[in-house]
Amino acid sequence: MVMITDLPFDLEKKILALVPKESRPQWQTTCKRWYALRQDLLAKKHLAQTGREFIFLLNNSVFSTTINLQGVHNNVDPAMEFGGKLGSLQDSNDLQIDSIFYCKGLVLCTMVGKQRLLVCNPSNRETRYVKPRSHGCSEYALGYKGSKSSCVNSYKILRYCRYLDTQMRCTVSEFELYDFMSDSWRVLDVDEHDAYISARGVSVKGNTYWVAKRYGNQFILSFDFTREKFGFLPLPYESAGPGVSVDYGHKDTAVLSVVRDEQLSVLHQYLHLFSFEMKIWVSNMIGTKKVSWGKFLVVDVVLLNVVSFVVDEEHKVAVCCCTDKDDGDEEGTSIFVIGENIQRHVYDEEVTIDASWPHLINYVPSPVHVVRKSTRKSKRKRNARRHQPEEGTSARSVEETKVTPKAKPKAYRSF
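Here's a quick rundown of the structure.

Rules used in this analysis
Residues numbered from 1 in each chain as written. Predicted model: local features only at pLDDT ≥ 70, side-chain atom pairs only at ≥ 80, totals over all residues. Heavy atoms only, no water. Salt bridge = Lys/Arg side-chain N within 4 Å of Asp/Glu carboxyl O. Helix = DSSP H or I, 4+ residues; strand = E, 2+ residues; numbered from the N terminus. Pairing = 2+ DSSP bridges. Axes fitted to C-alpha atoms, helices over the stretch in contact; angles between N-to-C directions.

1. A look at the pattern of salt bridges
Between side chains of opposite charge, pairing is possible as soon as their charged atoms come close. Within the structure shown, the criterion is met by 10 salt bridges. Glu-228 serves as the salt-bridge partner of Lys-156, at 2.8 Å between the closest nitrogen and oxygen. Residue Lys-156 is found in strand β9 (residues 155-165), and its partner Glu-228 is found in the loop between β15 (217-224) and β16 (229-233); the two are separated by 72 residues along the sequence. We note a salt bridge from Glu-174 to Arg-159, for which the minimum N-O separation is 3.0 Å. One end of the pair, Glu-174, is in strand β10 (residues 170-179); the other, Arg-159, is in strand β9, with 15 residues separating them in the sequence.

2. A look at unusual backbone geometry
A positive phi angle is found at Asn-75, which is not glycine, with a value near 65 degrees. Note on placement: Asn-75 falls in the loop between β2 (61-68) and β3 (79-85).

3. Here's the deal with the sheet that holds strand β5 (residues 106-111)
On the basis of which strands lie adjacent, the open sheet formed by four strands has the order β4-β5-β6-β7 and antiparallel pairing. The open sheet has two free edges, formed respectively by β4 (97-103) and β7 (126-130), since each of these has just one partner strand. The average angle at which neighbouring strand axes cross in this sheet is 20 degrees, direction not considered.

4. Points about the sheet that holds β3
Strand order in the open sheet made by the four strands is β3-β2-β1-β25, with antiparallel pairing throughout. The open sheet terminates on both sides in strands that have one partner only, identified here as β3 and β25 (359-362). For this sheet the average axis-to-axis angle between neighbouring strands, irrespective of direction, equals 30 degrees. Bridging between β2 and β3 involves six bridges; their strand directions are antiparallel. Bridge pairing in β3 places Phe-63 opposite Lys-85.

This is the structure in structure tokens:
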């Protein structure tokens, strides 16, 4: 007799591709692995039809968005659409999110005030709250140990805080790790270093990377969640160093991004050297101790305050999220699509006063379950349910409710 687990993987995918979309709630509990695989197939089909899928932090809320880049090299304007708030955050309208961090299908949300953290999986709408022991100047990153990204118990949260101790008259760095399995924080004993993080971190293969500075020089600071150690990697360009003057208050633009959850990408501009040249590199090989780079894109363009970007290898373009101020000193968020002989302005919106910095990140669905913290009461309930027959079991739909942002996108325009 042929068991479900004996079927070839390719045959499983062909069978699941034929299952009607409407029938998912009836068979969700039949086989969790099949359900997760079907969800992944639907997401890829949707992605092929509508365009690249992104997660967009805007005005303290997190949205799912798509940008269709088909025909961008044939003077077809890219189309950006909002799909709504993340499914796992739809019932939490009171949440004010300060920052987001993406790692292999999971999103770590830091609340305004940094007194609460939320880990969610947008594809299955599971969430888990984590209470930090300290807050204030803290920055957080999500990663996992080894190659086990299929179970949330292998994930960890890194807290990194660097501040000036007025009594000791020196800079102090604090590091803590949160373990999902034990639901606890512990102080991380690492070698002290005086690196200053100057750009948001990203996760590649479970490890975290930041653009950092020390004595005026830029480099990449890495953290290995398996070894629980920091490392230093070179950037693909030479830092201008502390001796170069900065004109008009604009510093170097150095931002990191992730390609297919496997490669690191760097965007850089020498704005203070009166250069309009923007360069993007993608890593050929990446680890916490070694990296090699290859050029992806070199264009002449001025985009001040690029805060995040995403590379599209198929169309050889980059989607850049920028902040700037107009003539009335109103701060706004803009999204551009940049490529060789391409500069398309696809989105504009004013930013709410005191709102979080916008952040655009690539999103790839994952079946990882965000295991909730167990209690004795919940364990008793689960044990009782095991001895009861399942009648009319239904599953929550993972479809997202359409929620448009407060301000509608302005008409698309191209340069």
